[in-house]
Amino acid sequence: MARKVSPPAWLRTVLPPAVVALAVLAAWYLGSYVLIDADRRFLLPPPHEVVRVGFGDPVNLAELLAGLQLTAEVALIGLVIAAVVGLVLAVLMSQADWLERSIFPYAVLLQTVPILALVPLFGFWFGFGFPSRVLTCVLIALFPITANALFGLRSVDPGLHDLFTLHHAGRWTRLVKLQLPSALPAIFTGLRISAGAAVIGAIVGDFFFQQGPAGLGQLIYIYPRRLQSEMLFAAVILASAFGLLVFWFFGVVARAATAWHDSQQQQPAVQAGRR
Amino acid sequence: MTSNGPAVTLHEAGVRYGNGTLALDGVSLQVAAGEFVAVVGPSGGGKSTLLRLAAGLLAPSGGTVERTADRLGFVFQDPTLLPWRSVRGNVELAGELRGVRRAERRRLAEESLARVGLSEVARQLPRTLSGGMRMRVSLARTLTGRPELMLFDEPFGSVDEITRERLGEQLQELFVADGFAGLLVTHSVAEAVFLAQRVVVLSDRPGRVVGEVAVPLPYPREPQVRFSPAFTELTARVSALLRGGNPPPEPAATCAEAKTAASAEPKNPPSAEPKTAEPTNAPSAEAKTAEVKTADAKPGAAKSVAAGKEVP
């Protein structure tokens, strides 16, 4: 390749992950056809079989999509609740040190406690329906948004705080006009992480309840027991794709909402610096 | 603003931080209405602390601070702009926080932006501007409050030399036009002398007033005044005070030493001997009237004396 001719921007964005995808597919086929005997191929069905059985068969596809829909509902409602609760907690903690000292340890505890151990309890207390699943999801998704939002609210430029102090700005004005906008990039980072966690939370709750309507989690639990490995792979792909979609969505929203932020300016600079 | 009462008065003001560090020690300083005073001192010498005291952002741990001026303007070291707001939105912020009505604050903002020559970029975001332009936005925001007292905390520290000088010139035009009282903190001796009527020299931490140099150059000062002998002489005096004011010695001995040194070697360059502030050998017309005052004597405080021809 000539030195000074660089490929177009879209190609530079698309090419590297495409190469990785091809390599993974190649390795997958290699595993299915070369490393595994034909009679044990169900352990790693080749990609086209996964697509044919999982997404090509209308009955199977309907089952997967119904599971995805339930999981998506749980994840999105869980995420909304986690975001609201997390933001409120972060705002409260940012307003007074004693509140932070009182609340934050428990926010950390939420992150360290084995949620899996609590999931059956939620089932006992609240039944195995929708509310318990959402609750599991909220508990898993709550910490990232809380911690990031708090960090953002706390990291406001002290000079700007002085400016507001000099103009005798009240708590509310300071929060709305200074702290929340300053914290937006951090809040969106938290939302993105929480969104991924919410999808995992929805699947985990469903996986452990094994009762009520089947989401992706239950399907993922059932398929290996029925030796439906194509369906298992299809369910995993669907779950990952949904997680990616949510992650991407918040990335787009974040970029639109924080176009003023320095982090949005770095990409062109890096590319310009390249040879 | 015609009266020459004080705009702000610090009396024996000291600041000790929570960790025990003494940042300022017994500083007395007064800025009269319509007067421009500059404070120079080494980095970390408590200059910013002094300004925060004057602004009321900080309470003195000793002494008193009395501010008579109602309308206060503060220009920070950084432009301190809200990055998500347009230039005009930033300039409007001051009025917004004071509760000025929308139409009125917009008018004030546009007027201020015109004064600093930034009407063209009113709709842009701060990040699209150069450092110097951002500083002017910050200045415009402060001007919307029609301040009686303007406090400047190393306002042009982060821009290049030429921009810095231009900003200084622009600031002086505003001072001449509006007649606010100004208190500028800077480490640039040339900037201090160019802008101020008096230059107060602060010692290294803990900050004490080491001495003071009056700058009798008439306003408006042309940019070229920086090359005049009088200007050079004044900056030399301030520099001498800065160099001399470092470790606090026994006051009496120092005074005697300084006087002896001054009379013994009148051609001494100003930077030669610590503890002596020495006028250069070729005083011009302005320099003759320039006087170097001693710091107000406080037991234990650094005291520096320069024996100029006109000093009694």
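Definitions and limits used
Residues numbered from 1 in each chain as written. Chains lettered and ligands numbered in written order. Predicted model: local features only at pLDDT ≥ 70, side-chain atom pairs only at ≥ 80, totals over all residues. Helix = DSSP H or I, 4+ residues; strand = E, 2+ residues; numbered from the N terminus. Contact = placed C-beta atoms within 7 Å. Buried ≥ 20, exposed ≤ 12 C-beta atoms within 10 Å, placed from the backbone. Nonpolar A, V, L, I, M, F, W, Y, C, P; charged D, E, K, R; others polar. Pairing = 2+ DSSP bridges. Expected span 1.5 Å × (residues − 1). Arc of directions from axis to C-beta. pLDDT = per-residue confidence, 0-100. Axes fitted to C-alpha atoms, helices over the stretch in contact; angles between N-to-C directions. Core = buried A, V, L, I, M, F, W, Y, C linked by C-beta atoms within 7 Å. Parallel < 35°, antiparallel > 145°, perpendicular 65-115°, else oblique. Left-handed = near helix turned anticlockwise from the far one by under 90°. Bend = angle between axes of the 7 residues up to and from the residue.

Draft legend 1. Main features of the overall build of chain A. Tallying secondary structure elements over chain A gives eleven helices and zero strands in all. The order of helices and strands in chain A, counted from the N terminus, is α-α-α-α-α-α-α-α-α-α-α. If you line up chain A on its principal axes, its C-alpha atoms span 75 × 65 × 30 Å. Excluding contacts between residues fewer than 6 apart, the proportion of contacts in chain A whose partners are at least 24 apart in sequence is 73%.

Draft legend 2. Summary view of the overall build of chain B. When you go through chain B residue by residue, the secondary structure sums to nine helices and ten strands. Looking at the 312 residues of chain B, the share that counts as buried comes to 46%. For chain B, the share of sequence-separated contacts (at least 6 apart) that also reach a separation of at least 24 residues comes to 74%.

Draft legend 3. Representation of the interface of chain A and chain B. In this complex, chain A contributes 15 residues to the contact, which on the side of chain B involves 14 residues. At the level of elements, α7 (158–166) and α8 (171–209) of chain A are the ones that each hand at least two residues to the side of chain A that touches chain B. Per-element accounting of the side of chain A that touches chain B gives the leading share, seven residues, to α7 of chain A. Per-class residue counts for the side of chain A that touches chain B are seven nonpolar, six polar and two charged.

Draft legend 4. Quick look at the pairing of strand β9 (residues 209–214) of chain B. Residues and elements named next belong to chain B. Burial analysis of β9 places five of its six residues in the buried class, which makes it a mostly covered element. Here five bridges tie strand β8 (residues 198–202) to β9, and the two strands are oriented antiparallel to one another. Note that in β9 the partner of Leu-202 across the bridge is Val-209. Taken together, β8 and the strand that follows it, β9, pair antiparallel across an intervening segment of six residues.

Draft legend 5. Expanded view of the pairing of β8 of chain B. Residues and elements named next belong to chain B. Counting buried residues in β8 gives five out of five residues, a clear majority hidden from the surface. By the alternation rule, side chains of β8 split into Arg-198, Val-200 and Leu-202 and Val-199 and Val-201, which are all buried. Relative to β8, strand β3 (residues 36–40) runs parallel, the two being bridged by four bridges. The partner of Val-39 across the bridge, within β8, is Val-200.

Draft legend 6. Broad picture of helix α3 (residues 102–115) of chain B. All names here are of chain B. End to end, α3 covers 20 Å across 14 residues, agreeing with the expected 20 Å (1.5 Å per residue, within 8%). Within α3, burial applies to Arg-105, Leu-108, Ala-109, Ser-112 and Leu-113. Taken end-on, α3 shows its buried residues confined to a sector of 130°, consistent with a single buried face. Away from its buried face by more than 90 degrees, α3 exposes Ala-103 and Glu-104. On the buried face of α3, the contacting elements are α2 (87–98) and α4 (131–143).

Draft legend 7. Structural view of the confidence of the model for chain A. Residues and elements named next belong to chain A. On average, residues of chain A score 87 in pLDDT, and 93% of them are at 70 or above. Per-element averaging of pLDDT across chain A places helix α11 (residues 266–273) at the bottom with 42 and helix α3 (residues 58–95) at the top with 93. For the stretch residues 266–275, pLDDT sits under 50, and the model shows zero contacts to residues farther than four places along the chain or on other chains.

Draft legend 8. Highlighting the sheet that holds strand β1 (residues 6–16) of chain B. All names here are of chain B. Spatial strand order, β2-β1-β4: three strands in an open sheet with antiparallel pairing. Both outer strands of the open sheet, β2 (22–32) and β4 (62–67), are each paired with one neighbouring strand and no more. Pairwise comparison of adjacent strand axes, ignoring direction, gives a mean angle of 15° for this sheet. Pairing of β1 with β4, which is carried by five bridges, proceeds in the antiparallel orientation. In the strand pairing of β4, His-11 is matched with Thr-64.

Draft legend 9. Focus on the environment of Arg-88 of chain B. All names here are of chain B. Following the sequence through the fold, Arg-88 ends up in helix α2. Overall, Arg-88 belongs to the buried group, with 21 C-beta atoms counted inside 10 Å. Residues Arg-88 and Arg-136, 48 residues apart in the sequence, show an inter-C-alpha distance of 12 Å. Those residues in contact with Arg-88, other than ones at most four positions away along the chain, are Ala-109, Leu-113, Ala-122 and Arg-123.

Draft legend 10. Here's a closer look at the nonpolar core. Ranked by size, the top nonpolar core spans 78 residues in total, and within it Val-40, Ala-192, Val-193, Ala-196, Val-199 and Val-238 of chain B carry the most contacts. By residue number, the principal contributor to this core is helix α7 (residues 229–244) of chain B, which donates eight residues. In contact with Ala-196 of chain B, not counting residues within four places along its chain, are Phe-36, Val-37, Ala-38, Leu-184 and Val-215 of chain B. If you look at the next biggest cluster of nonpolar residues, it comprises 54 residues, including Met-93, Val-138, Ala-202 and Leu-219 of chain A.

Draft legend 11. Representation of unusual backbone geometry in the model. Here Tyr-219 of chain B and Pro-220 of chain B are connected by a cis peptide whose omega angle stands at -10°. Position of Pro-220 of chain B among the secondary structure elements: in the loop between β9 and α7. Non-glycine residue His-168 of chain A carries a positive phi angle of around 55°. Looking at the secondary structure, you find His-168 of chain A in the loop between α7 and α8. Looking at His-168 of chain A, the number of C-beta atoms within 10 Å reads 10, which means it is exposed. The phi dihedral of Glu-12 of chain B falls on the positive side, at around 50°, and the residue is not glycine.

Draft legend 12. Just the packing of α8 of chain A against helix α9 (residues 216–225) of chain A, in detail. Residue and element names in this part refer to chain A. Two numbers describe how α8 lies on α9: the axes approach to 6 Å, and their chain directions differ by 50°. In this view, α8 runs oblique relative to α9, as classed from their interaxial angle. As for the relative orientation of α8 and α9, their crossing is right-handed in sense. Between α8, through Ile-203, Val-204, Gly-205, Asp-206 and Phe-207, and α9, the contact on the second element is made entirely by Leu-216, Gly-217, Gln-218, Ile-220 and Tyr-221. Considered class by class, the residues forming the contact of α8 with α9 number six nonpolar, three polar and one charged.

Draft legend 13. Quick look at helix α6 (residues 130–154) of chain A. When the terminal C-alpha atoms of α6 of chain A are compared, their 36 Å separation across 25 residues agrees well with the 36 Å that a helix rising 1.5 Å per residue should span. By the largest-angle criterion, Ala-141 of chain A marks the main kink of α6 of chain A, which is about 35°, and a proline, Pro-144 of chain A, follows within four residues.

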